[in-house]
Amino acid sequence: MNTIRRRGRLGVVLAGAAALVVTGLSAPAAAQNDIPDVDEVVHSKNIGHVANLPKEGPFEGQDAFNSDIAFTKGHAIVGNYNGFTIYDVRRPNNPRVVSQVLCPGGQGDVSVSGDLLFVSTDYARTNDSCTSEAAPASNPDSWEGMKVFDISDLANPEYVSAVRTDCGSHTHTMVPAPERGSVLLYVSSYSPAPDLPNCQPPHDKVSIVEVPTERPQDAKLVSEPVLFPEGGNSGDGYSRQTTGCHDLTAYPEKDLMAGACMGDGILVDISDRMNPKVVERVQDNTNFAFWHSATFNNEGTKVVFTDELGGGGMATCNEEVGPERGANGIYDLTGSGDDSELEFRSYYKIPRHQGETENCVAHNGSLIPVEGRDIMVQAWYQGGVSVWEFTDSDKPEEIAYFERGPLSDTENITAGSWSAYYYNGRIYSSDIQKGFDVLHIRDPRTAPANSVRFDEFNAQTQPSYGKGR
């Protein structure tokens, strides 16, 4: 999410359980202009809303946004602007809270590798502890960056280490480096300013943090490769000026990374993990305001980029904005190495108009692992969750949807699904205000995915699936 840099509060570890709320398994299809009432749940007939766990404890407040999700050992780890919550989803229709860690710092982007959890801190703090206070980013002693937790005991996470990174860590992408006995975290951040001593322009780079798997306490910043040596998008047109990247998605098996970098979409060769090389770069100064995130198809022959028009806080899923802005851009990827090319094919945006008090725009999603087809589940904030197919790059279409009516019919309150990912037979959605949702899609087009299982899953570190896996 592209937001103003905000502030957080204190930190302890809590554990507890939460009540289960189960809704019906069917609802009438919504017409394009048929906007649900406040909090009314509607969905297509082929998707069921099987569970919801509301935010609890120190995360109950409206400013405690739920954010991204990582999965490990049948558990979902949901980031929050105030820390993170670990849910047991081994019985997906009956999830339960295992532990909750209060460690404020904004964004709370999460990824997992083995017994290690990595959490992004994007708001300036007085120090790197979980009991830090908010601090002005203009203070050279303020802290932002990456935090590392030991989650070998999921009920009792332990804070291990922290690494400062320039401009903090808005998001990060974990790439395993077993040959180095470590994992690498590619940290994305942006919006430098001359009065921010730890976030100076031009900030045309990413930060690489290395975490030794056996000695995570020795995590450190090891490289700051420049991705835009001649500068990125100037921002003179419709698109935002490029001053860093918002999100990176790696496909380690193919030595590729796709970057969504404000005014630019990039393809990066990561065959040399410490020296990523941009091999293709595209812009869309007509319809893309803010390149936000990226997803490869399983074959690595397509990239879906998202445009977070309005930074996630605006009502853009309406007739006035139209079907091409605040949407996904589907690109075919041809060639390899320095000869790689990204060719634009089409846009995809949810076909249902949302209310003027509903923040709605393309956001985080993942593939549904169906071999031979390109199917994705995706969050759209208060536009809900959309399952859509792009096997034909020119003709994407929606398969299923789930959404709630506006949080309010009088004011635009930031809410809705931040991330929606498929994991081991279910769709899991992190709702900014409503908590943790579990959905079950029953459709012949997605049915083959039910047999695909991953012990660990990070949406921004794409695994492969199918016969070649």
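Residues numbered from 1 in each chain as written. Predicted model: local features only at pLDDT ≥ 70, side-chain atom pairs only at ≥ 80, totals over all residues. Heavy atoms only, no water.

Caption draft 1: Inspection of the overall build of the protein chain at higher detail. Summing up its helical and strand segments, the protein chain has zero helices and 31 strands in all. For the protein chain, whose C-alpha radius of gyration is 20 Å, the value lies close to the compact-globule estimate of 23 Å for 469 residues. Expressed as lengths along the three principal axes of its C-alpha atoms, the size of the protein chain is roughly 55 × 50 × 50 Å. Intrachain contacts of the protein chain at a sequence separation of at least 6 include 62% that bridge at least 24 residues. Of note, the protein chain has its 37 positive side-chain charges centred 5 Å away from the centre of its 65 negative side-chain charges. (Helix = DSSP H or I, 4+ residues; strand = E, 2+ residues; numbered from the N terminus. Rg over C-alpha atoms; globule rule 2.2 N^0.38 Å. Contact = heavy atoms within 4.5 Å. Lys, Arg positive; Asp, Glu negative; His and termini not counted. Charge placed at Lys NZ, Arg CZ, Asp CG, Glu CD.)

Caption draft 2: Inspection of the sheet that holds strand S28 (residues 417-423) at higher detail. As summarised here, the arrangement of the four strands in space is S3-S30-S29-S28, forming an open sheet in which the pairing is antiparallel. Sheet topology places strand S3 (47-53) and S28 at the edges, where each strand pairs with a single neighbour. Between one strand and the next, the sheet's axes are offset by a mean angle of 20°, whatever the strand orientation. (Pairing = 2+ DSSP bridges. Axes fitted to C-alpha atoms, helices over the stretch in contact; angles between N-to-C directions.)

Caption draft 3: Molecular detail of the environment of Asp431. Summarising the element assignment, Asp431 is placed in strand S29 (residues 426-431). By relative accessible area, which is 6% here, Asp431 ends up buried. Sequence separation between Asp431 and Ala379 is 52 residues, and the spatial gap between their C-alpha atoms is 9.1 Å. Sequence-distant contacts of Asp431, defined by excluding residues within four places in its chain, comprise Asn66, Arg404, Gly416, Ser417 and Asp437. Within polar-contact distance, the side chain of Asp431 engages the backbone nitrogen of Lys434 at 2.7 Å. (Buried < 20%, exposed > 50% of the residue type's maximum accessible area, 1.4 Å probe, protein only. Polar contact = N/O pair within 3.5 Å; in protein donor to acceptor, adjacent residues only side chain to side chain.)

Caption draft 4: Geometry of the packing of aromatic side chains. Using the criterion set out here, one finds 24 aromatic pairs in the structure. Judged by centre distance (6.1 Å) and plane angle (45°), the ring pair of Trp291 and Tyr331 falls under tilted. On the criterion of sequence distance, the pair formed by Trp291 in strand S20 (residues 291-296) and Tyr331 in strand S22 (residues 328-334) is long-range, its members being 40 residues apart. With relative accessibility at 4%, the residue Tyr331 sits in the buried group. Chaining the aromatic ring pairs together yields one cluster made of Phe71, Tyr87, Tyr423, Tyr428, Phe436, Phe454 and Phe457. The ring of Tyr251 carries the charged tip of Lys254 above its face, separated from the ring centre by 5.6 Å. The side chain of Arg352 reaches across the aromatic face of Tyr401, ending 4.1 Å from its centre. (Phe/Tyr/Trp six-rings, centres within 6.5 Å; stacked < 30°, edge-to-face > 60°. Lys NZ or Arg CZ within 6 Å of the ring centre and 35° of its normal.)

Caption draft 5: Seen up close, the environment of Gln241. Position of Gln241 relative to the elements: it lies in the loop between strand S15 (220-223) and strand S16 (247-251). Along the backbone, Gln241 and Ser191 are 50 residues apart, and their C-alpha atoms lie at a distance of 9.3 Å. In this structure, Gln241 is in contact with Asn233, Ser234, Gly235 and Met262, ignoring residues within four places of it in sequence.

Caption draft 6: How the structure looks around the state of the cysteines. Summed over the entire model, instances satisfying the criterion amount to four disulfides. Residue Cys245 pairs covalently with Cys261 via a disulfide, S to S 2.1 Å. Taking the sign of the S-S torsion, about 75° here, the bridge from Cys245 to Cys261 comes out right-handed. In this pair, Cys245 is assigned in the loop between S15 and S16 and Cys261 in strand S17 (residues 256-261), connecting sequence segments 16 residues apart. This pair shows no difference in class: Cys245 is buried, exactly as Cys261 is. Should the bonded cysteines of the protein chain be numbered as they appear in the sequence, the pairing reads 1-2, 3-4, 5-6, 7-8. (Disulfide = S-S within 2.5 Å.)

Caption draft 7: Inspection of unusual backbone geometry at higher detail. The linkage connecting Pro201 with the following residue, Pro202, adopts the cis geometry, with an omega of 10°. Tracing the chain through its elements places Pro202 in the loop between strand S13 (182-188) and strand S14 (207-212). In this structure, Asp39 is a non-glycine residue whose phi angle is positive, near 65°. By the secondary structure assignment, Asp39 is in the loop between strand S1 (13-14) and strand S2 (41-43). Given a relative accessible area of 36%, Asp39 falls into the partly exposed group. Unlike most non-glycine residues, Gln107 shows phi in positive territory, near 65°.

Caption draft 8: Local environment of the nonpolar core. Counting residues in hydrophobic clusters, the biggest one holds 32 residues, and the most contacted among them are Phe71, Tyr428 and Phe436. Those elements that place two or more of their residues in this core are S3, strand S4 (66-72), strand S5 (75-80), S28 and strand S30 (435-441). A total of three residues in this core trace back to one element, the largest contributor, which is S3. In this structure, Tyr251, Phe288, Leu342 and Tyr347 belong to the second largest nonpolar core, which totals 18 residues. (Core = buried A, V, L, I, M, F, W, Y, C linked by side-chain atoms within 4.5 Å.)

Function-wise, these values are silent; they only describe arrangement.
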